[in-house]
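# Fold and geometry: a report
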Amino acid sequence: MPAAASQRHDWSIDEINALFALPFNDLLLRAQQTHRAHFEPNAVQVSTLLSIKTGACPEDCKYCPQSGHYNTELEKEKLMEVEKVVSQAREARDAGASRFCMGAAWKSPRERDMPAVEEMVRQVKALGLETCMTLGSVSDEQAGRLAEAGLDYYNHNLDTSPEYYGEIITTRTFGERLETLDHVRSAGMKVCTGGILGMGESERDRSALLQQLASLNPHPESVPINMLVKVPGTPLENVDDLDPLAFIRAIAVARIMMPQSHVRLSAGRENMSESTQALAFMAGANSIFYGDKLLTTDNPEASRDRRLFQKLGLHPETRDADCRSGSDDEAARLARQLHLARANALAVDASA
């Protein structure tokens, strides 16, 4: 077992470019060694994402079907009732999710909606699930209220490099995104932030995005790496496809640079082959969204994921398990046994 890598926050662009330039097998080996130094190698954290308020967003993010600036034929929906959200969370928990993420198409939450959002957090948390929300920008005061309600994670993606950002979004600055992440961290919540690849960015932009993410101190607990889903009606619907191997390289470099973060294989999985997903897990991805929707875009059905897990010998990560490898105490041993028991149950379910 290689020595556990320490967190670094001072990666240079040249260093990151050098990682991307490694021979593919060498890069994956290094990423896999890093992964095994910090996580149980075959455990994958499983989340479910629900859109609690859909469409009519005032932002102009060029990739997003929920933007009110584009005609994507998406039906607008008002904020869901708390009871419906809790019912969906219960179903997600029973299907194997350990974290329930709730997303609203807002630039920022309105005061009149905060009490309902806080109640969603409290009730979902009471089900035994980790809670995550993405609501746009939040102030210090709003972040504090969400934390007090029990919110575990707040998602606010950087999306792309600072240099390319203006080509994708004009209604919110890159600095404003960093400010929201500061508010989240100051409130005591965990940070979930990543980006989207395949939006026409350069290789250097991918390095610069990862540099920004790794410069956060501490590193984000969760780093979603998204493959662009090209939605008709958005400005990016005809952008060139990203080479899947370039995507895998980004997963591997993220794992090396942020060794203790969960790296999430996020949007775009619906269009990925099983082989591409297998390579992503080998490269250090250890978190997925589970269910047939990611807000408004398609995601592999849960049954497909169960079959893929069975083929690859993967199993869901448990909330209370010590996932770091190299710990030989009794708690870690029992946690590994629990992982194996769940894996066997998953295999039986997939074959039923």
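Residues numbered from 1 in each chain as written. Predicted model: local features only at pLDDT ≥ 70, side-chain atom pairs only at ≥ 80, totals over all residues. Heavy atoms only, no water.

Glancing now at the packing of helix α1 (residues 13-20) against helix α7 (residues 203-215). Following both chains from N to C, one finds α1 and α7 inclined at 120°, their axes separated by 9 Å at the closest point. Between α1 and α7, the crossing angle belongs to the class labelled oblique. As for the relative orientation of α1 and α7, their crossing is right-handed in sense. Listed contacts from α7 to Ile13, Ile16, Asn17 and Phe20 of α1 are Arg204, Arg206, Ser207, Ala208, Leu210 and Gln211. Counted by class, the contact of α1 with α7 contains five nonpolar, three polar and two charged residues. (Axes fitted to C-alpha atoms, helices over the stretch in contact; angles between N-to-C directions. Helix = DSSP H or I, 4+ residues; strand = E, 2+ residues; numbered from the N terminus. Parallel < 35°, antiparallel > 145°, perpendicular 65-115°, else oblique. Left-handed = near helix turned anticlockwise from the far one by under 90°. Contact = heavy atoms within 4.5 Å. Nonpolar A, V, L, I, M, F, W, Y, C, P; charged D, E, K, R; others polar.)

What follows covers the packing of helix α3 (residues 82-94) against helix α4 (residues 114-126). Where α3 contacts α4, the axes come no closer than 9 Å and their chain directions differ by 30°. The angle between α3 and α4 falls in the class roughly parallel. Here α3 and α4 pass one another in a crossing that is right-handed. In contact with Val82, Val85, Val86 and Ala89 of α3, α4 contributes Ala116, Glu119, Met120, Gln123 and Val124.

Here the focus is the confidence of the model for the protein chain. Of the residues in the protein chain, 82% have a pLDDT of 70 or more, and the chain-wide mean is 84. Looking across the protein chain, the model is least confident in helix α11 (residues 330-351), with a mean pLDDT of 41, and most confident in α1, with 98. Here residues 293-299 scores under 50 on pLDDT; set against residues more than four positions off or in separate chains, the count is 29 contacts. (pLDDT = per-residue confidence, 0-100.)

Turning our eyes to something else, we now look at α4. Helix length check: α4, at 13 residues, gives a terminal C-alpha distance of 18 Å against a target of 18 Å (1.5 Å per residue), a fit within 8%. Listing the buried residues of α4 in full gives Met114, Val117, Glu118, Met120, Val121 and Val124. Angularly, the buried residues of α4 cover 150° about the axis, an arc narrow enough to put them on a single face. (Expected span 1.5 Å × (residues − 1). Buried < 20%, exposed > 50% of the residue type's maximum accessible area, 1.4 Å probe, protein only. Arc of directions from axis to C-beta.)

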